[in-house]
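An overview of the molecular structure
Here's the letter readout for the chains.
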Amino acid sequence: MKTLRDIGEDALIERLVRLVPRDENPTAAPGDDCAVIDPGPGSSTLLLLKTDALVERVHFLSDASARAVGWKSVARVISDFAAMGGQPGHFLITLALPPETTVTWVEDLYRGIADCLEKFGGVVAGGETSSVPTGSSAVISIAATGSVLRNRLVLRSTAKPGDVLFVTGLLGGSIHGKHLDFTPRIEAADWLVSHFKPTAMMDLSDGLAKDLTRMAKASGCGFTIGEAALPLTPGCTPAQALGDGEDFELLFALEAERASELTATWPFPDLPLTRIGKIVRSGQGESLTGGWEHFL
């Protein structure tokens, strides 16, 4: 009998979505950064839905700062809204905690949530608390709504051969603490969709190797990258940049004829923007392996 370790996250999602009723004509296919709900042709705004979870000893260590864990729990969701060209709205917080958890830890967790929402937008609308057995891992689950103007929506499944690939920021080394205090690229994404709307975009949560492969597969394309061009976090190797995961930077594709103008007018001096490769036809290009596997 196959286990989750045997098949991995993507294959599991493909199996599960076949078991439930779902939209026959979804605006975004299962697996994109957010679900997209279209209220109808009379609305200029689309609804974004996102859910995410942090599990102790998987996404954060037991001695991690509760405030940093709170920040990360909602920053991950905001990063997904950014990847779709959208903005955050209302958040629901579900906690499943062992009984030995201190009240101070939970309060600090919420202070971290507040820090992030006050900086990037969004409000807490409600939530739920539950318990897990003594000694079990804490679980923080976030569900949220966001919104995006219809003409600003960007999917991961619409890259085209010839598009140039870019990433923001530096890649690799998240395990050394970057995964707890990253900045969701909501401001950069907002500027991009306003001035150089990407043909496809996603955030890098599972590592460039896995996530670029997902973008190419969803778009029915291949890709090539220049390993020497990868923007490395100081002290990291190209292999770590490809596989460490939890960078939460933007990966996007753009028409080649617009690439030079984008790099010339990029308005964020403290945020590197790096051209790393291009989209090619299906069956061409490279195959990458790497990325964190959450079912180990």
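Residues numbered from 1 in each chain as written. Predicted model: local features only at pLDDT ≥ 70, side-chain atom pairs only at ≥ 80, totals over all residues. Heavy atoms only, no water.

Attention now moves to the sheet that holds strand β6 (residues 164–168). Strand pairing within a sheet occurs via backbone hydrogen bonds; the two strands may be parallel or antiparallel. Strand order in the open sheet formed by five strands is β7-β9-β6-β10-β8, and the pairing between neighbours is antiparallel. Of all the strands in the sheet, the pair left with one neighbour each is β7 (200–203) and β8 (221–225). For this sheet, the mean inter-axis angle between neighbouring strands, taken without regard to orientation, is 25 degrees. Contacting β7 and β9 (250–254), helix α2 (residues 66–83) crosses the sheet at an angle of about 175 degrees to β7. (Pairing = 2+ DSSP bridges. Helix = DSSP H or I, 4+ residues; strand = E, 2+ residues; numbered from the N terminus. Axes fitted to C-alpha atoms, helices over the stretch in contact; angles between N-to-C directions. Contact = heavy atoms within 4.5 Å.)

Now for the pairing of strand β10 (residues 273–281). Moving residue by residue along a regular strand, the side chains alternate between the two faces of the sheet. In the sheet, β6 pairs with β10 via five bridges, with the strands oriented antiparallel. Of the residues in β10, the one forming a bridge with T168 is L273. In this structure, β8 lies alongside β10, joined through five bridges in antiparallel fashion. Bridging from a neighbouring strand, C221 pairs with R281 of β10.

A contiguous patch of positive charge, built from K2, R15, R18 and R22, is present on the exposed surface. Positionally, R15 belongs in helix α1 (residues 4–17). (Patch = residues over 30% accessible without salt bridge, like charges linked within 9 Å, V, L, I, M, F, W, Y side chains within 5 Å. Areas by Shrake-Rupley, 256 points an atom, 1.4 Å probe, with all protein chains shown as cover. Salt bridge = Lys/Arg side-chain N within 4 Å of Asp/Glu carboxyl O. Lys, Arg positive; Asp, Glu negative; His and termini not counted. Charge placed at Lys NZ, Arg CZ, Asp CG, Glu CD.)

The final tally for this structure, using the stated rule, is 17 salt bridges. Residue D115 pairs with R67 through a salt bridge whose shortest N-O separation is 2.7 Å. A residue pair is termed long-range when its members are at least 10 positions apart, and D115 in helix α3 (residues 103–120) and R67 in helix α2 qualify at 48 residues. Among the residues examined, D115 registers a relative accessible area of 26% and is labelled partly exposed. Linked through salt bridges whose partners overlap, the residues forming this network are E9, D10, D206, D211 and R214. (Buried < 20%, exposed > 50% of the residue type's maximum accessible area, 1.4 Å probe, protein only.)

So, about helix α5 (residues 208–219). Along an α-helix, residues three or four positions apart point the same way, because every turn accommodates 3.6 residues. The terminal C-alpha atoms of α5, which comprises 12 residues, lie 16 Å apart, in line with the 16 Å expected from a rise of 1.5 Å per residue. With respect to burial, α5 is a largely interior element, nine of its 12 residues being buried. Turning to α5, its buried residues are L208, A209, K210, D211, L212, R214, M215, A216 and S219. (Expected span 1.5 Å × (residues − 1).)

Judged by nonpolar contacts, the single largest core of 59 residues is most densely connected at F91, I140, L192, L262 and W266. Core analysis: the second largest hydrophobic core is formed by 22 residues, A159, M215, F223 and A241 among them. (Core = buried A, V, L, I, M, F, W, Y, C linked by side-chain atoms within 4.5 Å.)

Counted as a void, the largest pocket has a volume near 1,600 Å³. Looking at the largest pocket, it is lined by 46 residues, and the ones nearest its centre are E9, I13, G31, D32 and K50. Only α1, β1 (35–37), β2 (45–55), α2, β7 and α5 provide two or more residues apiece to the lining of the largest pocket. It is α1 that provides the largest number of residues to the lining of the largest pocket, a total of seven residues. Residue composition of the lining of the largest pocket, by class: 21 nonpolar, seven polar and 18 charged. (1 Å grid on protein atoms, 1.4 Å probe; cavity = no way out; pocket = protein on both sides within 12 Å on 5 of 7 lines; lining within 4 Å. Points joined across faces, edges and corners; volume = space filled by probe spheres on them. Nonpolar A, V, L, I, M, F, W, Y, C, P; charged D, E, K, R; others polar.)

So, about the confidence of the model for the chain. In low-pLDDT regions, the fine details of the predicted coordinates are not to be read closely. Mean pLDDT over the chain stands at 94; residues scoring 70 or higher make up 97%. Throughout residues 290–296 the model reports pLDDT below 50, and contacts reaching past four residues in sequence, or to other chains, amount to 27 contacts. (pLDDT = per-residue confidence, 0-100.)

With their axes 6 Å apart at the nearest point, α2 and α3 run at an angle of 40 degrees to one another. One element, α2, and the other, α3, form an angle in the oblique class. At the point where α2 passes α3, the crossing takes the right-handed sense. Counting all contacts with α2, which are made through A66, R67, V69, G70, W71, S73, V74, A75 and I78, the residues of α3 involved are W105, D108, L109, R111, G112, I113, D115, C116, L117, K119 and F120. Within the contact of α2 with α3, the residues separate by chemical class into 12 nonpolar, three polar and five charged. (Parallel < 35°, antiparallel > 145°, perpendicular 65-115°, else oblique. Left-handed = near helix turned anticlockwise from the far one by under 90°.)

Our next topic: a nonpolar patch on the surface. Together, L16, L19 and V20 make up a nonpolar patch on the protein surface, roughly 310 Å² of accessible area in all. Tracing the sequence through the fold places L19 in the loop between α1 and β1.

Applying the stated rule across the entire model yields seven aromatic pairs. A ring pair is formed by W266 and F268, whose centres lie 5.0 Å apart and whose planes are at 70 degrees; its orientation type is edge-to-face. By relative accessible area, which is 15% here, W266 ends up buried. When its relative accessible area of 15% is taken as the criterion, F268 is described as buried. Put simply, the rings of W191, F196, W266 and F268 touch in pairs and so form one group of aromatic residues. (Phe/Tyr/Trp six-rings, centres within 6.5 Å; stacked < 30°, edge-to-face > 60°.)

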